[in-house]
Amino acid sequence: MLAISAFAYSPAATVDVDVFGEAACPDTRDFVLGPLARLADALGTTASVRYTSFGNAYFFAPCAGAVVAPPGCDSSASCRFNATTRDCWFSTCGLGAARPPDACFKGSPRCQHGAAECLANRVTLCAGTSLPFVSCYFRALGSEWAAGSPSTAVLAVGRRCAFASVGAGWAGIYSAWRVAVDAKARDPTTVCVFEGSPRFGGRTFTVRGDAALFGLNIDIGAYRFAFEQHLPADLLRGPLRLPTACYIPSCEREPLDGNLTLHKLMDPRLNSSAGYGTALDVMVAELRAAGAHLQLHKELDAVHAHPRPTGAVLRWKDGGSTVADSVLLNLPRHALNRLSRDSLLFTDGRPLARALYNCSRETSQANYSAEASVKVYLVYEDAWWRTRLGLVQGEVHAPSDPPMYIRYHDGPVRCGEGAAPACAGALLVQYAHSLEAGGGFYMPFRASKSTPLTVLRGEASELPGLLHRKLLQMHAARLADAGIDPRSLAEPAAVVLGFWPHARDEILHPAPDPLSFSTAHGALPQCLHGVTSASYSEATRQPVVGRSLSVANNDWWLEESSVDLIAPYWAEVSLRVAERVLHDQLGLARPAWLNAAYYRKSVLGI
Ligand SMILES: Cc1cc2nc3c(=O)[nH]c(=O)nc-3n(C[C@H](O)[C@H](O)[C@H](O)COP(=O)(O)OP(=O)(O)OC[C@H]3O[C@@H](n4cnc5c(N)ncnc54)[C@H](O)[C@@H]3O)c2cc1C
């Protein structure tokens, strides 16, 4: 809320413009940075524009209609601020009051946007009525304002992070959790996690809590791990204490994935998949409980040197900046290469690191076309393939019209109570790692480029019906054998799709890049000839000599059969590299819960 007054006594005099604003109010901010700035520019020296804080704030006044904040309401803007009480205070204690009683300014002021606004009002008061300062401060608070979390923004200004993890996918969250919660290597309140997108998790994304999807936890990104991948397996089964089950019910080995037995996370209450995102949710919750600073919508723009010898200044796309003593950039290839070219990694980076940052199949081959991973689940109220046909594992390929790749064991199934329980379920009907091999058909159904998730319901899209009909065709013989009329099977409630394009302009939800480095996918680019996995990782993860600035993420790894159990774009590689960074940069020792031989070979050995 704003109030403005203007006075001019003679044509030659300057006009006094007084603006009374609220520091954590989007309207004030938009007005100050927009029309008011233009007005001040236009009027130049003919006007004197002053900004006054605490507009709309009041102290509690004992008059009719005034409401005392109920107990426990201290930090909530909505229950502390009361317009009747404000009006009462204005009339009794404000400018118009002939003789304000002594009690007018007792206690602490109440601001419409709560404690954060009061704090920000105090900061603006420090600069008197200076409009340039106020404009600068509002700009520094940045986009968090628009995102609706002014308290985080207000408190973040001037924050210094002892350890900052940028890019909150698996490895970004893990490294902050290790530092703040597990090893307690730094005061948790000085450990920071910054994520550019509106959600934590990166390429791990569990869709959950949607009643229209029958409460199923559906992973549209990463979802499986082997116990031999001690990172993350020892973490999940050790300190995070998360129940697991075999990904294939028979626990047989998966020839496609390192011939290992794969596992998933379970929710024992539902006897259904919990979703891989549970691991990240637990770590985020523990970080928050420990007092760490976690922020979404914080997209890194540049990394500059800090006068302190090893520190760095992180500059954000919203114009703000943060000083950090030690930084881990958990950024995929495109995200890192999109950082401003005046960033330390490029200006002071070691030549090999600089060369490797730019070295991908994409940059080295003219005929490279951007790829995408696509995952498609059909969501049914009745998981008929399981309840009626008894299909609990196995897979079927149907490459065209539309292309499908069914895995009966892939997708959560959740059954109710009772002797013949009803089971809702999601069935994986496509999982493609390239557009040519079945992903391309689904791309036109992508709802938005701003999220990997698309949910299409039957009434709004032809896709659920199309896939359902093909599924029934494919199972016609089995249904007939079981005496089931296909028409009795209801269409799916929805199709849930995950789109993970490897495109330069979509850095916040990238497909894994090492796919293109894997020797299984053709010859390595020329720029990688003679570069070993170890030298690749060493150069890219420690790009600047003498700075406490590292790079993790499995986009910076070259397949190495002696340590890679599975394709190098699985989460394990990101976690291995992150753990190595924590060892080198912060001096962290092996966590007690992590297999010692694995740590020596796969973490320190790289
Ligand atoms: C469909 C699919 C299925 C998969 N299945 C499996 C599986 O079963 N098991 C497995 O182990 N792995 C799997 N993977 C791979 C796995 O998802 C990744 O290896 C893992 O998530 C990588 O984690 P990360 O933290 O290194 O990176 P990411 O998850 O990519 O995190 C990077 C983060 O950085 C953020 N970011 C980017 N730019 C900026 C910026 N400028 N400022 C701030 N933040 C920024 C991004 O938004 C993102 O959140 C799968 C991947 C896909 C796409």
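Going by the annotation in an unreviewed UniProt entry, the name recorded for the protein is Amine oxidase domain-containing protein, with Emiliania huxleyi given as the source organism.

**Quick word on the pairing of strand S24 (residues 494-501)**
Moving residue by residue along a regular strand, the side chains alternate between the two faces of the sheet. Burial of S24 is extensive: eight of the eight residues sit out of reach of the surface. Residues Ala-494, Val-496, Gly-498 and Trp-500 of S24 are buried on one face, and the alternating residues Val-495, Leu-497, Phe-499 and Pro-501, pointing to the opposite face, are buried as well. Pairing of strand S18 (residues 372-380) with S24, which is carried by eight bridges, proceeds in the antiparallel orientation. Looking at the pairing, Lys-375 lines up with Gly-498 of S24. With five bridges joining them, strand S23 (residues 453-457) and S24 adopt antiparallel strand pairing. Within S24, the residue paired with Leu-453 across the bridge is Gly-498.

**A few points about the sheet that holds strand S15 (residues 312-316)**
With respect to topology, four strands assemble into an open sheet ordered S4-S16-S15-S14, the strand pairing being mixed. Two strands lie at the open edges of the sheet, namely strand S4 (160-161) and strand S14 (300-305), each paired on one side alone. With four bridges connecting them, S15 and strand S16 (residues 321-324) associate as antiparallel partners. For Arg-315, the partnering residue across the bridge sits in S16 and is Ser-321.

**Observations concerning helix H1 (residues 26-43)**
Since there are 3.6 residues in each turn of an α-helix, residues three or four apart along the chain are aligned in direction. Its 18 residues give H1 an end-to-end C-alpha distance of 24 Å, which sits within 8% of 26 Å, the value for a rise of 1.5 Å per residue. A maximum bend of about 40 degrees is found in H1 at Leu-36. By the burial criterion, the buried members of H1 are Thr-28, Val-32, Gly-34 and Leu-36. Looking one or two places after H1, you find Gly-44, whose phi comes out positive at around 55 degrees.

**Some thoughts on the packing of helix H7 (residues 170-182) against helix H8 (residues 230-237)**
With their axes 13 Å apart at the nearest point, H7 and H8 run at an angle of 55 degrees to one another. As summarised for this structure, H7 and H8 are arranged oblique, according to the angle between their axes. In this structure, the crossing between H7 and H8 has a hand that is left-handed. Across the interface between the two elements, Trp-170, Tyr-174 and Trp-177 of H7 pack against Leu-231, Pro-232, Leu-235 and Leu-236 of H8. Of the residues contributing to the contact of H7 with H8, the split by class is seven nonpolar, no polar and no charged.

**A few points about the site of the ligand**
Inspection of the region around the ligand gives 34 residues, with Glu-195, Arg-203, Asn-554, Tyr-569 and Ser-574 positioned closest. A distance of 3.5 Å separates an oxygen atom of the ligand from a polar backbone atom of Gly-202. One of the side-chain nitrogen or oxygen atoms of Asn-553 is found 2.9 Å away from an oxygen atom of the ligand. Its free accessible area being 1,000 Å², the ligand has 99% of it covered by the protein chains. Of all the secondary structure elements, the ones that give two or more residues to the shell around the ligand are H7 and helix H19 (571-586). Its residues placed into classes, the shell around the ligand shows 18 nonpolar, eleven polar and five charged.

Thresholds, definitions, all that
Residues numbered from 1 in each chain as written. Predicted model: local features only at pLDDT ≥ 70, side-chain atom pairs only at ≥ 80, totals over all residues. Heavy atoms only, no water. Buried < 20%, exposed > 50% of the residue type's maximum accessible area, 1.4 Å probe, protein only. Helix = DSSP H or I, 4+ residues; strand = E, 2+ residues; numbered from the N terminus. Pairing = 2+ DSSP bridges. Expected span 1.5 Å × (residues − 1). Bend = angle between axes of the 7 residues up to and from the residue. Axes fitted to C-alpha atoms, helices over the stretch in contact; angles between N-to-C directions. Parallel < 35°, antiparallel > 145°, perpendicular 65-115°, else oblique. Left-handed = near helix turned anticlockwise from the far one by under 90°. Contact = heavy atoms within 4.5 Å. Nonpolar A, V, L, I, M, F, W, Y, C, P; charged D, E, K, R; others polar. Near = heavy atom within 4 Å. Polar contact = N/O pair within 3.5 Å; in protein donor to acceptor, adjacent residues only side chain to side chain. Areas by Shrake-Rupley, 256 points an atom, 1.4 Å probe, with all protein chains shown as cover.

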